[in-house]
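Examining the three-dimensional arrangement
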Amino acid sequence: MSGAVVDPRLSPARAAPKKGLSLSWSDPRFRNIVWQVVILGAVAAVVWYLVQNTSRNLAARRIATGFAFLGRTAGIPIGESLIGYDPAINTYGRALLIGLLNTLKVAVVGVVLATVWGTVLGVARLSKNWLISRLAAVYVEVIRDVPLLLQLLFWYLVLQGLPAPRNSFHPVAGVFLSNRGIKIPVVEWEGPFWWALAAFVVGIIGTVAWSRTATRLQETTGVRPKVWPVAIGFLVGFPLLVWGALGAPFAVEMPALRGFNFTGGATVTPEYAALTLGLVVYTASYIAEIVRSGILAVPTGQWEAGGAIGLRPGTVLRKIVLPQALRVIIPPMTSQYLNLTKNSSLAVAIGYQDVVSIASTTLNQTGQAIEGIAAIMVVYLVISLSISFLMNWYNARIALVER
Amino acid sequence: MSHSTTRTTAALGEAAHDPVPAIAGIPAAPIAAERARPAAGRFAPVAWARANLFSGWLSTAVTLALIYLIARWAIGFFDWAVLHAVWSVPQTEAGPDASACRDAKGVGACWAMIGDKYRFILFGRYTYEEQWRPAIVIALFIGLYAISAMRRFWRKELLLIWIVALTAIGVLMWGGVAGLEFVPQDSWGGLPITLILSTFGLAFAFPLAVLVALGRRSTAMPAVRMLCVLYVELIRGVPLITLLFMASVMFPLFMPEGFNPDKLLRAQVAIILFAGAYLAEVVRGGLQALPKGQYEAADALGLSYWKKTGLIVLPQALRLVIPPLVNTFIGFFKDTSLVLIIGIFDLLLAGKVAITDPVWQAYSTELYLVLAVIYFAFCYVMSRYSRGLEQEFRRTARR
C-alpha cells in the first residue's frame, strides 16, 4: 500500500502534466484504485465466507431465518411495562416494543437526573469551601474507578435488603420503601388535567411570543419590558385558571398496606430504581468533570466585563457566560448521554427487562440469534444517532459565530 | 457573581499591603498566582481554615453539618468494618462455622468470608494446587504495567518485553510444557481473566486501531475510509453487551462446522473488536493534533507514505495519545466485568459464585466492597499516572 495517501495540497503540483489515468504502477491514482479494489475484495470475501458458513449452520440446525417470529405469541413474563401486555396473547414484537420503552424510560429519566446531579457535583467541586470541593473530588474519583456493573449489583443488593412491606420504611406520608420497591402516591388523572396541560402548552407559546415582543421593544426603545411576570401568568396562572374553571378536581391515590402487600399508588420496582440510581450516580461523576471544565473555561474577566457594561448578573450568566461554557460542555456531554443509554443495557444483570434482556430471552426461546441481535443493534444505533443528531443541532445553534 | 466580586476586592486589599513591590516589566500573572495562595504566617492553619472552611455564615454552617455527617458515617463504618467485624471463624469438618458471622449480622462485617474464599475469588476454579501460577501471572501483569509506565522503556524493546511477557503468561496459564500440568481454559477464572481480557484486548486492538485510524484519515482511498468509518461508528454505536452476546450466540454460526472456539476466546475477540474502534478514535485524535508542518516536511523529503507514517507521524502522534490511551484502558479494565453476563469467570463472577456457598450467602456487601477495592486500586493508580503524564506533556508543549 505504498504511497497510498497523497497529500491533497501537493498532488496538483506533482501531477503537473494533466493526463488521463494511465494503467501503470507508477501512477499513484492507479495504485490507489488497485489497492482499494484488493481491500474491498478481501473484506467482501470474508463476509461471503461467513455468510456461507452461517447459512450452512442454520440449515444444519433447521433454523428458519427472517422476522416471522415477531408475530408469534411470546409467552415471556414481563414485570413492568408502560403499555398493556399479556404473555399468553401478545407477540414477540410487542414484547420487544415494551423492552424498548423500558430502555427509553431508564435513559430519559437517567439523563435528566444525571445532568442535575452532575451539575451540582461539578459546581461543588469548584466551591470555595475546601470540604465541599474535596468531598466532590473524592466522590468523582471513587465512583469512576469502580465498574458500573459492580455498582449496579451493589445498589440492587441494597434495595433488596430493604425490609418486607410490613416493616417498610415510611419517611413521609404516602411513600413506602420496602423490598417490593418504592411506593409513591399518584394523582388520579382526569379530563381537566388534559385541558390544563393544553393551557400550559399555550402558555409556553405565549411566553415565547411575549419574550420576542420584549426584545423588539428593547431594540426600538432601549427599555426592556419585564418578561417574568407575564411568563408566570402564562405558565402557572393560565393552566391553574383552566383547571379551576373545570371544577378543580384533585384526588390523590395513596398506597396503603393491606395484609402482606400494598394497594393503590404507583410502584417503582427495585430493578428500575437500582438501575436508574446506579446509572445516575456513575454518569454524574463524569458529567461533574465536564461541567467543571466548562465553567473554568470561561475566564472571570468575562463576568467582570459583563458587569462593567452594566448588565445584571442574571443577564451576564445567560448572554455571556453560558453560551461560552456550553460550547465546551455540549460535545462531551453528548457522549456521556450516549454512554448512559448504552450502559442501560446492563439491566440484564439485575433482572430489569430492557430491550437487551427481552431480546436475549427471545433469541434463547426462538433460536433466532441473528435477528435478535440485529434488532438490538438497530435499536441502539437509532437511539445513538438520534441523540447525537439532536445534540449536534443544539450545539450548532449555540455555537458562537466566529469571524 | 458575588464570589468573583469578593475575590477581586480581596486581591485589591492585599495588593495595598503587598510587601513585595511590583516590578515594572514583569507580567502580572505570576504575582497574582502568588497572592492566591493562603496567607502564610504563624497561624497559617487558622488563617487557612478561616478562608476555606468558615468564610461566611453559610459556609460555616455547611462545613459544620458536613463534618458532623462525615464523622457519624465514619464512626458507624469503623464500628461495622473493624470494631464489630468477624475476622475469622473456626473450621469444622463440615466446613467453616459461620455462627459468629450470623450473630454479628447487621452490626459487624464478616471478613471471615473473604478469608475463607479469597483463593476462589482471585483464581476461580483453577486447579487448587496449581494456583501459584495465576498468582505469578498477576504479578507479571503488574510488572508489565509498571515497566510500560516508565519513560526509560519507551522504545522498540518494549514491544519485545510485551511479547515475552504475554507468552510467559500464556505458558503459565495453560501449562502442558516444562512439566507444568495442563489447565484447560474452562477452569481459568478470577483476577487473571480480568487482566487477560483487558491487556490482551489492548495489545491486539492497538495495531488494528492504528490501521483503522490511518484508514479513516486517508484522502486518496475513499472506499477504505468509508469502511473504517462504518466499522468505528457501528461498534461505538452499540453497547459492549451486544458484542458479547454476538460472540456467545452468533460467533458459532459464523464458523465452519466442527470449529468451535471456547467462550473465553470468543469474548476476547469481541473485546478486541470493541477496543479497536475506541482506540482508533483516540489514535485519530493524536494524528489530528500533529501540526501540518510535520506531514509537509515528510513529503518535502520525498518519503513514501509508509516511511512518512512510520518514521515521522506515528512516533509523535502515539506519544501524544498515551494519556487518553491509559484512560481508555481504564475503561476496558472496568468493562471486562461485563463478561459476567455471558458466564465467564472474571473477578466479579468468581466473587458472585463464591458467595452462592450457603454458608456465606448473606455477606454480599463485604464481597462487593472487597471487589470494589481491587478494581479501584488498579484504576486509581492508572488514572493518577495518566493525569501526571498529561500535565507533564502540557508543560513540555508550552515550553
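Let us look at the structure shown here. Here the structure is a predicted model, which is why all the values come from computation and not from measurement. (Residues numbered from 1 in each chain as written. Chains lettered and ligands numbered in written order. Predicted model: local features only at pLDDT ≥ 70, side-chain atom pairs only at ≥ 80, totals over all residues. Heavy atoms only, no water.)

Residue and element names in this part refer to chain A. On the surface, Leu104, Val108, Val112, Val116, Trp117 and Val120 cluster together into a nonpolar patch covering about 500 Å² of accessible area. Here valine 108 lies in helix H3 (residues 92–125). Valine 108 sits in the exposed class, given a relative accessible area of 51%. (Patch = residues over 30% accessible without salt bridge, like charges linked within 9 Å, V, L, I, M, F, W, Y side chains within 5 Å. Areas by Shrake-Rupley, 256 points an atom, 1.4 Å probe, with all protein chains shown as cover. Salt bridge = Lys/Arg side-chain N within 4 Å of Asp/Glu carboxyl O. Helix = DSSP H or I, 4+ residues; strand = E, 2+ residues; numbered from the N terminus. Buried < 20%, exposed > 50% of the residue type's maximum accessible area, 1.4 Å probe, protein only.)

Between chain B and chain A, the contact holds 67 residues from the first and 64 residues from the second. Approximately 5900 Å² of surface area, both sides summed, lies buried where chain B meets chain A, with 72% of it carried by carbon and sulfur atoms. For the pair chain B and chain A, the interface holds one salt bridge. For Arg387(B), the salt bridge goes to Glu141(A), with nearest N and O atoms at 3.0 Å. If you look at where chain B meets chain A, you find 16 residue pairs in polar contact (both at pLDDT 80 or more). The element that contributes the greatest number of residues to the side of chain B that touches chain A is helix H17 (residues 364–398) of chain B, accounting for eleven residues. A class-by-class count of the residues in the side of chain B that touches chain A yields 42 nonpolar, 15 polar and ten charged. (Contact = heavy atoms within 4.5 Å. Buried area = accessible area lost by both parts, 1.4 Å probe. Polar contact = N/O pair within 3.5 Å; in protein donor to acceptor, adjacent residues only side chain to side chain. Nonpolar A, V, L, I, M, F, W, Y, C, P; charged D, E, K, R; others polar.)

Moving on, we get to the pairing of strand S2 (residues 181–184) of chain A. Put simply, side chains in a regular strand alternate between the two faces of the sheet. Residues and elements named next belong to chain A. Of the pairings in the sheet, the one linking strand S1 (residues 176–178) to S2 comprises three bridges and is antiparallel in character. Directly across from phenylalanine 176, in S2, lies its bridge partner lysine 183. In this antiparallel pair of consecutive strands, S1 and S2, the connection spans two residues. One ladder, built from three bridges, connects S2 with strand S7 (residues 266–268); its direction is antiparallel. From the neighbouring strand, isoleucine 182 faces S7, where its bridge partner is valine 268. (Pairing = 2+ DSSP bridges.)

In this section: the pattern of salt bridges. Evaluation of the coordinates by the stated rule reveals nine salt bridges over all chains. A single salt-bridge network, built from bridges that share partners, covers Arg216(B), Glu233(B), Glu281(B) and Arg284(B).

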